[in-house]
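# Chain and residue survey
Okay, here's what each chain looks like letter by letter:
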Protein chains: 4
Amino acid sequence: MTERNISIEAADRTAVEDQQVEIVERKGIGHPDSISDGIAESVSRALSNLYLDRVGKVLHYNTDETQLVAGEAAPAFGGGEVVEPIYLLIVGRATKKYDGERLPVDSVALEAARDYLNEHIPELEFGTDIVVDVKLGEGSGDLQDVFGEESVQVPMANDTSFGVGHAPLTETEEIVLNVERELNSTYADENPHLGPDVKVMGKREGDEIDITVAAAMIDSYVADIQEYKEAVASVEEFAGEVARGYTDREVNVAVNTADDYDEGSIYLTVTGTSAEQGDDGSVGRGNRANGLITPNRPMSMEATSGKNPVNHIGKIYNLLSTDIAETVVDEVDGIRDLQIRLLSQIGRPIDEPHVADAKIVTDEGVVLSDIEADVEAIVDDRLANVTDITRQAIDGDLTTF
Amino acid sequence: MTERNISIEAADRTAVEDQQVEIVERKGIGHPDSISDGIAESVSRALSNLYLDRVGKVLHYNTDETQLVAGEAAPAFGGGEVVEPIYLLIVGRATKKYDGERLPVDSVALEAARDYLNEHIPELEFGTDIVVDVKLGEGSGDLQDVFGEESVQVPMANDTSFGVGHAPLTETEEIVLNVERELNSTYADENPHLGPDVKVMGKREGDEIDITVAAAMIDSYVADIQEYKEAVASVEEFAGEVARGYTDREVNVAVNTADDYDEGSIYLTVTGTSAEQGDDGSVGRGNRANGLITPNRPMSMEATSGKNPVNHIGKIYNLLSTDIAETVVDEVDGIRDLQIRLLSQIGRPIDEPHVADAKIVTDEGVVLSDIEADVEAIVDDRLANVTDITRQAIDGDLTTF
Amino acid sequence: MTERNISIEAADRTAVEDQQVEIVERKGIGHPDSISDGIAESVSRALSNLYLDRVGKVLHYNTDETQLVAGEAAPAFGGGEVVEPIYLLIVGRATKKYDGERLPVDSVALEAARDYLNEHIPELEFGTDIVVDVKLGEGSGDLQDVFGEESVQVPMANDTSFGVGHAPLTETEEIVLNVERELNSTYADENPHLGPDVKVMGKREGDEIDITVAAAMIDSYVADIQEYKEAVASVEEFAGEVARGYTDREVNVAVNTADDYDEGSIYLTVTGTSAEQGDDGSVGRGNRANGLITPNRPMSMEATSGKNPVNHIGKIYNLLSTDIAETVVDEVDGIRDLQIRLLSQIGRPIDEPHVADAKIVTDEGVVLSDIEADVEAIVDDRLANVTDITRQAIDGDLTTF
Amino acid sequence: MTERNISIEAADRTAVEDQQVEIVERKGIGHPDSISDGIAESVSRALSNLYLDRVGKVLHYNTDETQLVAGEAAPAFGGGEVVEPIYLLIVGRATKKYDGERLPVDSVALEAARDYLNEHIPELEFGTDIVVDVKLGEGSGDLQDVFGEESVQVPMANDTSFGVGHAPLTETEEIVLNVERELNSTYADENPHLGPDVKVMGKREGDEIDITVAAAMIDSYVADIQEYKEAVASVEEFAGEVARGYTDREVNVAVNTADDYDEGSIYLTVTGTSAEQGDDGSVGRGNRANGLITPNRPMSMEATSGKNPVNHIGKIYNLLSTDIAETVVDEVDGIRDLQIRLLSQIGRPIDEPHVADAKIVTDEGVVLSDIEADVEAIVDDRLANVTDITRQAIDGDLTTF
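Everything quoted here is computed from the prediction, not taken from an experiment.

## A short note on the overall build of chain A
Summing up its helical and strand segments, chain A has seven helices and 18 strands in all. Over its C-alpha atoms chain A spans a radius of gyration of 22 Å, differing by no more than 12% from the 21 Å that the globule rule assigns to 401 residues. Principal axes of the C-alpha set define a box for chain A whose edges measure 65 × 65 × 30 Å. In chain A, of all internal contacts separated by at least 6 residues, the share reaching a separation of at least 24 is 77%. With an accessible surface of roughly 13,700 Å², chain A has 40% of that area assigned to carbon and sulfur atoms. Charge-centre separation for chain A: the mean point of 31 positive side chains lies 7 Å from the mean point of 81 negative side chains.

## Re the relation of the copies chain A and chain B
With an RMSD of 0.0 Å, chain A superimposes on chain B once it is rotated by 180 degrees and translated 0.0 Å along the axis. When the rotation and shift are considered jointly, the pair of chain copies conforms to a two-fold rotation axis. Considering only C-alpha atoms, the residue of chain A closest to the rotation axis is Gly-127 of chain A, which sits at 2.8 Å. Same-surface contact between copies: 100% of interface residues of chain A are shared with the interface of chain B.

## A few points about the UniProt feature "binding site: ATP" (unreviewed entry) in chain A
Residues and elements named next belong to chain A. UniProt records the feature "binding site: ATP" (unreviewed entry) at Gly-137, Glu-138, Gly-139, Ser-140, Gly-141 and Asp-142, using the numbering of this structure. Along the chain, Glu-138 falls in strand β10 (residues 130-138). Residue Glu-138 is classed as partly exposed on the basis of its relative accessible area, which comes to 35%.

## Overview of the pairing of strand β10 (residues 130-138) of chain D
On a regular strand, one side chain projects to one face of the sheet and the next to the other, so that they alternate. All names here are of chain D. Counting buried residues in β10 gives seven out of nine residues, a clear majority hidden from the surface. Note that strand β7 (residues 86-94) and β10 share nine bridges and pair parallel. Counterpart to Leu-88 in the pairing with β10 is Val-132.

## Overview of the pattern of salt bridges
Taken as a whole and judged by the stated rule, the model has 132 salt bridges over all chains. A salt bridge links Glu-81 of chain A to Arg-54 of chain B; the shortest N-O distance between them is 2.8 Å. With Glu-81 of chain A in strand β6 (residues 81-84) and Arg-54 of chain B in helix α1 (residues 32-55), the pair connects residues from two separate chains. On the accessibility criterion, Glu-81 of chain A (21% relative accessible area) is partly exposed. We classify Arg-54 of chain B as partly exposed; its relative accessible area is 33%. Linked through salt bridges whose partners overlap, the residues forming this network are Asp-64, Glu-65, Glu-302 and Lys-307 of chain A together with Arg-285 of chain D.

## Section: the interface of chain A and chain B
Listed as interface residues are 25 residues of chain A and, on the opposing side, 25 residues of chain B. Surface buried jointly by chain A and chain B totals about 2,000 Å² across both partners, of which 46% is contributed by carbon and sulfur atoms. Three residues, Val-83, Arg-102 and Thr-128 of chain A, lead the burial of chain A against chain B; their summed loss comes to 26% of the area buried on that side. Linking chain A with chain B are 10 salt bridges.

## Describing the relation of the copies chain D and chain A
Rotating chain D by 180 degrees about the axis while translating it 0.0 Å along that axis superimposes it on chain A, leaving an RMSD of 0.0 Å. The fraction of interface residues of chain D whose copies in chain A are also interface residues reaches 100%, indicating that both copies meet through the same surface.

## A word on helix α5 (residues 313-331) of chain D
The end-to-end C-alpha separation of α5 of chain D is 26 Å, in line with the 27 Å expected for 19 residues at 1.5 Å each. Among the 19 residues in α5 of chain D, 15 count as buried, and that is most of the element.

The rules we used
Residues numbered from 1 in each chain as written. Chains lettered and ligands numbered in written order. Predicted model: local features only at pLDDT ≥ 70, side-chain atom pairs only at ≥ 80, totals over all residues. Heavy atoms only, no water. Helix = DSSP H or I, 4+ residues; strand = E, 2+ residues; numbered from the N terminus. Rg over C-alpha atoms; globule rule 2.2 N^0.38 Å. Contact = heavy atoms within 4.5 Å. Areas by Shrake-Rupley, 256 points an atom, 1.4 Å probe, with all protein chains shown as cover. Lys, Arg positive; Asp, Glu negative; His and termini not counted. Charge placed at Lys NZ, Arg CZ, Asp CG, Glu CD. Least-squares fit on C-alpha atoms with pLDDT ≥ 70 in both. UniProt positions renumbered as here; feature names shortened; annotations may be inferred. Buried < 20%, exposed > 50% of the residue type's maximum accessible area, 1.4 Å probe, protein only. Pairing = 2+ DSSP bridges. Salt bridge = Lys/Arg side-chain N within 4 Å of Asp/Glu carboxyl O. Buried area = accessible area lost by both parts, 1.4 Å probe. Expected span 1.5 Å × (residues − 1).

And the structure:
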């Protein structure tokens, strides 16, 4: 035990990579839950920046509760239409008045949502395909000066909160994460028929990996059923290539398995997201802070997106534990599976957690004691620089879902 | 009495122009009540056109209930900001399904509102300065085929409804109407400091006319208090010129009389409408169908804006009676004051009203019997062509507020 | 002219009672527009009382913008159900903080709406048949101390506003007003099949008066079509009796004329109001301050319900002019038709109007000059006691619709 | 491997009871997230029963997205008040029309919410302290007949979904679960000062268990700070007694640790829930299906509350895996730690999962092979009777949070 209560120990279990059955899921950027996460986080960043601009420090706020109510759409080859708009309600608390000045938090929140949607769900017309409203209750302006332009303090923990991070990703995790990311960037840039609502499910049994992709196609870029089938085949081929870049195991890819051509039931959308037709969404219901849902690993229930990155310990510890795990694995060789867990201590600065434990499965031939000191040094250093996490979150350098 | 129950008689009162005290008011295009009227009517037109496009006839709808909830703003010389967005709820009924097809009435309503606002209140950012939501209950699709692409029938009256129109406008009425219109077109085109929320009140006592203008100035075009004073003076001068074009009576113009320079209380806005700061609005609370509020004349309480122009008798009769009055006065000389009143007869086609009476004050030296036949012929003709009103309303050729 | 600018003159027109055609309408207590008026006014009274209780004076507020969005219902003989609840939004401004204390204006507004609905539309289940929400923007707390527990001042006019009142009511007006009131009290107490949404339209041509009643029947008290027909006949008989108590003219009464028994289309409701099925409503769209819509008489467009009775001149002048007219006619004999008009003067106390004119049609054989002094004395006295109106409005002793 | 793909194996890890650090949390019934869960599930049950009553089978719906927006309150010793009501939006899909009949899903949802709140958060006045609104999009009525009054089929899996359950609970888990339950029943029945928003956090390090309780006190039952302190002490004593009934380890209990008596900052509420003051909530953000948040164990991200229990595999598998784990441990001796995991197979009946694996840590001296057959038989039997889960969920016999 160090001053920061850092503990390094061998994991009492097999590495996830070596377990018999592994399940991994990622809800892509256009999934209704991810849209909620994305807007909540971009509203949070916008408010942080508003406060820094106007009063020189981040005031009290929390915007981790966006609710999306699905619309109804009538997709059609060549281009259909939204018939009932999506409704999205931004929920949270924010400081609206400081030093006698009114702060335009509602307008800023709406602008952040608009900009986020325009960038990430471009086929969705803001204000007509989706109505965005906002209910931000008044928070108090009396947050201590912990994160300002001129000075930054380490905040105190006022709650027992918990964060957990893992590294390295398993092959299946890498595949699930990167299939979605590559589809939504490299592939989509060239293939406008692919909408951002790409859900990827990975299942590994032994050495066989099944990747199931649900990909929302955009009707205005798909002329007929033949083009639709080609689009599905093209996504399948691309996903397979990405996947095989991360593993030598056998990989099977299936796309839009719920389609039923006989019944004319296919995954065709007007806007590229299932939010247009019956799929509601909200914050914290999808991906964890590392972008994945990993039932094989301990997860925090805490919603990371939208929380105030200055003083919300749950958010900071989730991001920090992930960051520590990744840094350790980057810098220290011989680790097959690493879990970092941080538990706050009420009334202490958050760089002095109650527990900071690293559970390690080493590579064959590596002894824990050989790397223990290196790991501890990194954990100690990252904890010491905990406020970097706040800065990065505000700057948008960390993803939260 | 004719078949159409047309009655022409002398008015049992003095012409409004000759009454001792006259009061006239107009809420300009940017007033919260007028914004509500304008959106309700543009939503109505958009739905009529949607139905004509999709199913060849106008289906059942009614959108005469827009509610605007004011926002909060922090105007400042050189440019302030909206801090709490305006909320606007489009309310009504519309047919959402016809012959198995879903009709995008909500999306179309939102688009109509967006387009209307962008055109008429351009400084108001749709979706961030104002949140527009929609609640259109489901109407039935079984309206008889009264107004379609291929055939048009005269609808039956199913209610006792009443419309009233007047002509010619008195000098004071002309002044109030045209001061607002000229300010919001000729003047505003050259002077961006003037916002669309221009309210004009006219009061005539004997031969003295007082015109009071409340004009919302737009802060980004006003650098300081000096420029504000110049803007006020400039509006005053312009309004005076317009007014004096309609009368030889004495005219006094006062602009923004509630300003208090000592207390720094002036009519400065961010967006050009008082809806940004505390002034709510709704349909049917402001101008009547002829664009004016005229307590010296009988008025219909019926909201004209937003109603279905195919079968809403109140709307049709208000527009038609105004149209008849104007036509008569255009074509028949010697009329000092004319009031046309239409009263429907349940169960009869609306071109056969229960009462269609014209009350006339003739010019000195003119005898009613000399013009009676001409007046009656025009009333008869306009009634016979009642469906023209529907067409013009759908095409936007008639103003409703 | 007196100090209060009181002017008494002969009307330049025939008494309404003697005009050839007269139209009068009243939307009963359960009509969607009246529900909106009633809630707006009861919220207003509740806020006045809240402020008086908590801070000893009425603070700034205005709640004259309730919007009702109709629901959908499935009435059935013996008892049906609401399938889509009504939505009602209370809109306005209110002072939420005073001297550091938070004032529960939103909760109080909701309670007022609940209590009002429970009393007047008892079959409507609050919270499930109707969802009531509230959006009260923040008003400023800096209203001058004009109406408090300990001192009451006459407020200044800050706007050009106008009120108009009439007395006595014509026979047709008396009939329309009292048919609704008696149906909704005496009759309904004994006959639970009658809902509060009773709309009465009166039309007089010469000496023949047609009364048309639209009466919402409540399905749980109507077992079958036979009972429905009996209920209609019973309402018709009752209304006829009431009507004939006010006139010797010929009276024809028709109830639920839009019913079509062949098509099974009757006016049957679950809750006693058409708001349950497609009829939206909002404040200021129905009855004027005297409870009637009277196109034969000058009317103010100003919504009276929901406005702040301390300082809203439009409300005060509408109530006061009606009160003056009624008092004059009560106390002075020989008046066949009286119109009182009040016009405010910006910057002057509201008991010193710019114009206070009485236009009188005397009874045959009565000369205006004989009663002029009496009338003027009453007008002067009522103006002097203008703050009584505020008190009575707060206490609920004045109806506003 | 059996036909149902049941696999029984030794866990590759230490029993949670024997791990060095264990963290467990439970958000009590009155926590904003739990309120959302509770309403979502009660709405779900109400809709299931509505459909069974009206059409004899459960139609398509999903109501797993309730959003709670916190209010503002002014608690005070002896009784304060809610100043800004809580807003709660019920979100989801439901079939509104079947065989031509309208089904009152919105009204039924609101009634379910009202009844739930009245029962579980009795100090919260429905409709005034909390505004409940509903947005249920239209679902299709064409669900196959899988769960009706007369016949019940096992539904097909149409998605890859995952459920996980555990038994027996560790001592810390038992304590956390039962401290909350006992406080909210036995204790609260006798002590009205305790509100339902009781959050319990358990942390075990080695053999020392720290229990932290955050308990919302209800102001109307607390006269002053002395009574508040007594209430806190009383909760602490009671919780300690409950806790020590489940363990021989050392137990420390702390209640309302964030209180600061010097600053007058205590956990006093008007209604017994922090939702009244700034704490938002939504479905699926709190407890898992077994009532706990257990970062030491694999958890499903799937929200269980509000989902359709007939055909939502995620819900069924979460409830079923928990049920299986508990049944196995009840009936088979020698198990120290059991995890049941179910993974669906697209296109197969849900009683034939892709994977049904049991991972077991046996008690010292027990060999897995001795109990394997018994475990497998139970798993097989419960899977065969999977539709019992649906029945129990509809009847409210299973808790979901």
